[in-house]
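Spelled out from the first residue to the last, the chains are:
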There are 2 protein chains.
Amino acid sequence: MKLIELYAKMKKDVSYIEKELERSIDTEQALLREASLHLLKAGGKRIRPVFVLLGAKFGNYDLERIKHVAVTLELIHMASLVHDDVIDDADTRRGQLTVRSKWDNRIAMYTGDYIFAKALTVVTKLPNSKIHQIMSRAIVEMSIGEMEQIRFFFNTEQTVRNYLLRIKRKTALLIAISCQLGAIAADAEDGLCTQLYHFGYNVGMAFQIRDDLLDLCGTEKEIGKPPGSDIRQGNITLPVIFALQQPELKAPLLEQMARIRDEDGQSDISDFISLIRKSNGIRRSELLASRYIDRAITALQGMPNIQAKKDFIGVAHFIGNRTY
Amino acid sequence: MKLIELYAKMKKDVSYIEKELERSIDTEQALLREASLHLLKAGGKRIRPVFVLLGAKFGNYDLERIKHVAVTLELIHMASLVHDDVIDDADTRRGQLTVRSKWDNRIAMYTGDYIFAKALTVVTKLPNSKIHQIMSRAIVEMSIGEMEQIRFFFNTEQTVRNYLLRIKRKTALLIAISCQLGAIAADAEDGLCTQLYHFGYNVGMAFQIRDDLLDLCGTEKEIGKPPGSDIRQGNITLPVIFALQQPELKAPLLEQMARIRDEDGQSDISDFISLIRKSNGIRRSELLASRYIDRAITALQGMPNIQAKKDFIGVAHFIGNRTY
């Protein structure tokens, strides 16, 4: 199954969430409205809202309630992207100019703050303190993950474990709670909410590993920004950590990375990319991503065999094979 | 009365909040811990927590409940300061290095995000959706205020009204809800909570006007950063708006400001400062600040004559006369 087929089935509800997203960021402050809308219109797969909707199918599906969770989680994600683009000096994302590039870093920082603040006003419409607590803790972990990423920039001694803990915080947790909070907001049974959390966590891990693979193996057209952005900013990802474990590749890779670091990421990185592509780091990363997908699907075992379960499995397979 | 005398009376509770603040930002991520602690230890008047405590005296004062509100509001304030320092390229604040200056802009941005996220985990411990709603709306307004400040940088056509609306969002609202939410968290009567909101709003307006006066009239030692920081970044404050209304000062002021803008705030600003100091903008701003203090005190009329009321009045007078 393809993601687009899933969206076709849920089209009405996904469009409704899209409109709610637009409504949620509206403001009379022209610059904030423009910058936020620019970000929203740049698109994205809307995986978090879709997971909220699917999760809610395991309880009493009431769109008017769960929309608040869906919108909040997508806004939190969007806010973190604008701030990341500032940190990464990113000019494009999804083939569009970033807010910091179209305007400037200051405006991007405040646009992120604004979208984040708006996310809070949306979620406070649901007076469910369990939801608030789960969400606020995940946001703390996300910000720790961002700082960990900076701490490990160009650290060639880092382990696979360091990497996995970092992407858990940076990406997997928010996807995990998307599945879980959709179910909680729909008053699904506790056990189901926990299963959905584990599903989302494993899908999220696979998602980020595939994302990091794409940055090394994709074309600019496929990934919406120049390949190799990660290493340019010092972000050493899983395929690179694996490649460094190959004795014959270690010395040339260290040399390349020292050069990229010394030249502040402005270097020609084609030699570095070739080394990684011919290493076994690509294959090993793909295998680990597949293993996370298997675990995600296993996490759903024993849950009611409703359409949403099949859809979750479909998305998981889609992410396991994603090439864009 | 001096602020320090007020603090002496409330010493035990204020110290307790201070410890809770420290506890709240603790994390194993060394960099986030250091940067957050650096910020916390740099001090500040803790006006927001003190107002929360005083506000709570009008209801059932239970420190274990209201501490969550006090800590959250101070953390939100701290987070906004770190982001402001990034925007303003500020090197010092309260005589201490800023996070962006001691580390860098990226670390300051994520430290702000982290402290803000921590603020949310603290407030979610109080399952009172009214508190959550009031707080999240204020945060949205704050971020709009920040963007408005950027929009009006070096805009010499702005009105007193533009200025007042901006400082309402940027400063007065958070102080207003500090008074209000302390009372709400202590289950005080609705009418009292609203009176306290109006008190805090007016004190907050006076506070920001005095702060902007200090930037033009204070010494570096008094204000903990070089005077004239506002105009260097393009922030046109009330005394300047008033001074621009004096026909004989308008042309020389416009000339000075055009030069400061063209030189990206790196100019010698002593001529500009002299012009403002000899204008009637200083006196008119002082008068407006006093008027806000009067309104703040009027807002308390009819409230129970408890010690907290006297303390609120004391702080109001202190802020009305503040010279540091």
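Analysis parameters
- Residues numbered from 1 in each chain as written.
- Chains lettered and ligands numbered in written order.
- Predicted model: local features only at pLDDT ≥ 70, side-chain atom pairs only at ≥ 80, totals over all residues.
- Heavy atoms only, no water.
- UniProt positions renumbered as here; feature names shortened; annotations may be inferred.
- Contact = heavy atoms within 4.5 Å.
- Buried area = accessible area lost by both parts, 1.4 Å probe.
- Polar contact = N/O pair within 3.5 Å; in protein donor to acceptor, adjacent residues only side chain to side chain.
- Helix = DSSP H or I, 4+ residues; strand = E, 2+ residues; numbered from the N terminus.
- 1 Å grid on protein atoms, 1.4 Å probe; cavity = no way out; pocket = protein on both sides within 12 Å on 5 of 7 lines; lining within 4 Å.
- Points joined across faces, edges and corners; volume = space filled by probe spheres on them.
- Nonpolar A, V, L, I, M, F, W, Y, C, P; charged D, E, K, R; others polar.

An unreviewed UniProt entry lists chain A under the name Heptaprenyl diphosphate synthase component II, with Paenibacillus agricola as the source organism. Of the comments in the UniProt record for chain A, the one headed Sequence similarities (unreviewed entry) reads "Belongs to the FPP/GGPP synthase family." What the UniProt record of chain A gives under Cofactor (unreviewed entry) is the line "Mg(2+)".

Draft legend 1. Highlighting the interface of chain B and chain A. Across the contact, 38 residues belong to chain B and 38 residues belong to chain A. Roughly 3500 Å² is buried in total at the junction of chain B and chain A, and carbon and sulfur atoms are behind 76% of that figure. When the area that chain B buries against chain A is broken down by residue, the three leading residues are B:Arg106, B:Tyr110 and B:Met147, summing to 21%. The interface formed by chain B and chain A includes eleven residue pairs in polar contact (both at pLDDT 80 or more). Broken down by secondary-structure element, the contributors of at least two residues to the side of chain B that touches chain A are helix H3 (30-41), helix H5 (63-88), helix H7 (105-123) and helix H8 (129-151) of chain B. Per element, the largest residue contribution to the side of chain B that touches chain A is 14 residues, and it comes from H8(B).

Draft legend 2. Geometry of the environment of A:Phe58. Residues and elements named next belong to chain A. Here Phe58 is to be found in the loop between helix H4 (47-56) and helix H5 (63-87). A sequence separation of 17 residues divides Phe58 from Lys41, and the C-alpha atoms of the two residues are 30 Å apart. Sequence-distant contacts of Phe58, defined by excluding residues within four places in its chain, comprise Ala188, Leu192, Leu196, Met303, Pro304, Ile306, Ala308, Lys309 and Phe312.

Draft legend 3. Seen up close, empty space enclosed by the protein. This structure, assessed with the given rule, holds eight cavities of 30 Å³ or more. In this structure, the largest cavity encloses a volume near 400 Å³. A:His83, A:Asp113, A:Phe116, B:Asp113 and B:Phe116 are, among the 26 residues lining the largest cavity, the residues nearest its centre. Sorting the residues of the lining of the largest cavity by element identifies H5, helix H7 (105-123) and helix H8 (129-151) of chain A together with H5, H7 and H8 of chain B as the ones contributing at least two each. Looking at the lining of the largest cavity residue by residue, the class counts come to 13 nonpolar, seven polar and six charged. As for the second largest cavity, its lining consists of 15 residues, and the residues nearest its centre are A:Leu120, A:Val123, A:Thr124, B:Leu120 and B:Thr124. Residue composition of the lining of the second largest cavity, by class: nine nonpolar, six polar and no charged.

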